[in-house]
Amino acid sequence: MRMRYEAKMRYVREQVTEAFNAAKGYRTYEEVIDEAKAVVVDILSLLRPLFSRKRPLKPAREIVSRTPLLSLAMAPITLSVNIIDAIDLPSPNDSKQILKPFVEVTFQGNTLRTATMSGTNPDWNASLELPFRLRNATQKPETISDPLVLKVFNDRTYSRPAEGQQAADVGSVVVQEKHFLGSVSIPFSTVYINEKVQGRLQLRVPDLVTGYGGSGAGDGAARRRPRAPALRVFITLQPHLARPGLLQQAFDTVHEPARQWVRATKNTLSRLADEVAGVMRQMQSNPEAQVEEFLYHPRAFVVSMEVKEVFVSCYLSPTGLAPPPELFSRGQEVTDPQHKKLIIANYVSLVPFVSDASAFPGLIDIWNTCEEFMDYQAGDEEEHAVLLANYLLHLSQGTGTQIYLALGNAVPEGSTAYVVEVDGNDKYVWNPSLGLRFNAMGDRCPLISIDCLISAGGVYINKKPFEGVRVLNYGVTDQNYWLHIEKPNERTFECIQQPINYSGGPVGDSDIANIEYEIEITLRKAISEWRPRVPTLWYNAGSREIRDLLKYMEIYHYNPEASQLLAARENYNKQFASKIIVGYSMRVGYMSTDEILQEVRNTKLHEIGMYVDSSDAVPKVQFSCVVYLHKYPKGVLSIRLNLMALNRR
């Protein structure tokens, strides 16, 4: 499905470029003038060889003017990553152990790490400089697909008896292990387009990290921690690179009868943007004012897959879109409204994320309808946010809860699309790509500014984006904070969404077992190859208990106290509690095998039992690998992996 999406994006990109050039009235010289090129004879160039040395000892160097991209490819540019601190890291369940965390940073095959600190709230204040390179002189920085990956580990060091010994004090070896605690991946395009990434990044932690901070199978998954681990960073390029130019040219509009209204609305937005920019400059000139820089891009029109401008409210249905009813049939019907919201947010987040930045570098965002999004099984922030907003609108009918599509700036995404939920005095922010909900006024909220709120009836432009998400405390009817652009009551402004056909999909029920087997075999082979110095032994007992745990973790992800899930955890503990060194239960959406392998390799589980201080003694370790696939409507897949390193006894 991703290949279909990328092929469609290439076609749309061609249409965008053609429309852009046509709108500019752009014509190449060859399109206008058809003539033979004149022959120019340079007499000096013909005579110069007669007087030059036949075998020059010092050939003269010609100075060649280089394009900016060629200069960029040759210039020494570094990705500067400042790791400041972390909070709420999980601690070892064994009270005798002290957490010793460090951060490892990887980009374009280069890896650096911080020093090791102690405790669950470590301060590093470390500056790491990673080299940055282009594949060739013509590559544009915004097309670089390499992610910047930050991984947090616990540096576990202990002594154990050597081979043939019974006690550690009679000939022992020092064992060093890295226990994975969480990670965050940032696309390079995010750093480049936004010039910096600054703030707290919530770590993506495995659903289950055995042996750490209340995340064992017996006492709840990591999702139940009151506060998820977070890493505070400042990331930028040195020297700074100019941002890619944004496309300013207007395209044809689907609202042809209202062309004058469209033009007037754009002019109003342009004047407001200039006014806000002036206020921002004035505030930043005050040394006592603490104003963060961010992009302010209020929009009322977006570009569809047909390469035409559409009023953005047309992407939201007044009654929303009905999610597939099968989502709420999980042994027993789910009726709790909050559980339903978590279920549909999880479903939306499982649709693979593919950014428009690589398809349309320096041009525009293309907005798909929900039907197109689900058919292609791929999209970026806007597609995920539009689908989640429509689902929440459907669930919120008659409840008084207000649902808005929010365009603004977040950490680490930069310019992005979120969903805002206003329930009386409570305000929540949904990250649709991750399926997570945050208290809008909490210190963990990733949304730092709002450009506009979008409803099915119109757009509310934020007049004071520098006040952050606090503007949500002022109702959208407050004209001091919001400019309301009401959707015209005309036929061309009707909602463009259509009911989604959830039947079919890229994967059939009969394919699930084969895919599980192929992923598991590939993972086992890769882990063995990553351990070339030592043999890799596999522990195959208990696979049924693991598979049951993964199944019920997926089914009851919204309710960790479900009786079937608790029973599966108990059986898991009976089988493995006394044997596990460290284990991870991870969940990923549908992705390529290479991407799954990279996710697993990032945990460094394969290094358990590889590195010891004595070369003639290796701890006896066995590994377990179980894969479980869960198929949702429309062929949306959730892939769960359970990986463990076990003591061989």
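The structure under discussion appears in the preceding block.
Residues numbered from 1 in each chain as written. Predicted model: local features only at pLDDT ≥ 70, side-chain atom pairs only at ≥ 80, totals over all residues. Heavy atoms only, no water.

Caption draft 1: Quick look at the overall build of the protein chain. Check the secondary structure of the protein chain and you find 13 helices and 25 strands. By residue count, 49% of the 649 residues in the protein chain fall in the buried class. Put simply, 72% of the contacts in the protein chain that link residues at least 6 apart link residues at least 24 apart. When the accessible area of the protein chain is evaluated, it comes to approximately 32100 Å², of which 49% is carbon and sulfur surface. (Helix = DSSP H or I, 4+ residues; strand = E, 2+ residues; numbered from the N terminus. Buried < 20%, exposed > 50% of the residue type's maximum accessible area, 1.4 Å probe, protein only. Contact = heavy atoms within 4.5 Å. Areas by Shrake-Rupley, 256 points an atom, 1.4 Å probe, with all protein chains shown as cover.)

Caption draft 2: Region of the structure containing the pairing of strand β24 (residues 621-631). Judged by how many residues are buried, β24 sits mostly within the fold: 10 of 11 residues are covered. In this sheet, β24 lies alongside strand β22 (residues 537-538) in parallel orientation, the contact comprising two bridges. Within β24, the position partnered with Trp 538 by the bridge is Phe 623. Where β24 folds back on strand β25 (residues 637-647), the antiparallel hairpin that results is connected by five residues, among which Lys 634 adopts a positive phi of roughly 70°. (Pairing = 2+ DSSP bridges.)

Caption draft 3: Up close: the environment of Gln 402. By secondary structure assignment, the location of Gln 402 is in strand β15 (residues 402-410). You can call Gln 402 partly exposed: its relative accessible area is 39%. It is 9.6 Å that separates the C-alpha atoms of Gln 402 and Lys 427, two residues lying 25 residues apart in sequence. In contact with Gln 402, not counting residues within four places along its chain, are Val 420, Glu 421 and Val 422.

Caption draft 4: Spatial organisation of the pattern of salt bridges. Going through the model one piece at a time under the given rule, you end up with 19 salt bridges. Note that Lys 151 is salt-bridged to Glu 104, the shortest N-O span being 3.5 Å. Taken together, the positions of Lys 151 in strand β5 (residues 147-161) and Glu 104 in strand β2 (residues 101-107) put the pair 47 residues apart, joining distant regions of the chain. A salt bridge links Glu 516 to Arg 547, with the nearest nitrogen and oxygen atoms 3.5 Å apart. Placement of the pair is Glu 516 in helix α10 (residues 512-529) and Arg 547 in helix α11 (residues 543-555), with a sequence separation of 31 residues. Relative accessible area serves as the criterion here: at 14%, Glu 516 is assigned to the buried category. One network of salt bridges, in which partners are shared, links Glu 104, Lys 151, Lys 178, Lys 604 and Glu 607. (Salt bridge = Lys/Arg side-chain N within 4 Å of Asp/Glu carboxyl O.)

Caption draft 5: View of the pairing of strand β1 (residues 77-87). Of all the 11 residues making up β1, eight are buried; the element is thus mostly covered by neighbouring parts of the structure. Where β1 lies against strand β4 (residues 123-132), eight bridges are found, and the strand directions are antiparallel. When the sheet's bridge partners are listed, Asn 82 is paired in β4 with Ser 127. For β1 and strand β9 (residues 230-238), the ladder comprises nine bridges, and the chain directions are antiparallel. Pairing of Asn 82 across the sheet is with Phe 234, part of β9.

Caption draft 6: Spatial organisation of the sheet that holds strand β14 (residues 366-367). An order of β11-β10-β14 is seen for the three strands of this open sheet, with the pairing classed as mixed. For this open sheet the edge positions go to β11 (309-311) and β14, each flanked by a neighbour on one side alone. Across two bridges, strand β10 (residues 301-304) lies against β14 in parallel orientation. By the bridge assignment for β14, Val 303 is matched with Ile 366. Across the face of the sheet, helix α6 (residues 259-284) comes into contact with β10 and β11 while running at roughly 120° to β10. (Axes fitted to C-alpha atoms, helices over the stretch in contact; angles between N-to-C directions.)

Caption draft 7: Main features of the sheet that holds strand β7 (residues 196-202). A sheet is described by the order of its strands in space; here four strands give the open sequence β4-β1-β9-β7, paired in antiparallel fashion. A strand with exactly one partner marks an edge of an open sheet, and here the two such strands are β4 and β7. Neighbour-to-neighbour, the strand axes of this sheet turn through a mean angle of 15°, independent of strand direction.

Caption draft 8: Main features of the packing of aromatic side chains. On inspection of all chains with the given rule, the structure shows 20 aromatic pairs. Ring plane angle 90° and centroid distance 5.4 Å describe the contact between Trp 261 and Phe 493, whose orientation is recorded as edge-to-face. Here Trp 261 is found in helix α6, whereas its partner Phe 493 is found in the loop between β21 (482-486) and α10, with 232 residues between them in sequence. Looking at Trp 261, the relative accessible area reads 27%, which means it is partly exposed. With centroids separated by 6.3 Å and ring planes inclined at 20°, the aromatic side chains of Tyr 552 and Tyr 556 adopt a geometry described as stacked. Accessibility classification places Tyr 552 together with Tyr 556 in one group, the buried group. Ring pairs connect the aromatic residues Phe 102, Phe 153, Phe 180 and Tyr 584, which therefore count as one cluster. Over the ring of Phe 102 we find Arg 113, and its NZ or CZ is 3.7 Å from the ring centre. (Phe/Tyr/Trp six-rings, centres within 6.5 Å; stacked < 30°, edge-to-face > 60°. Lys NZ or Arg CZ within 6 Å of the ring centre and 35° of its normal.)

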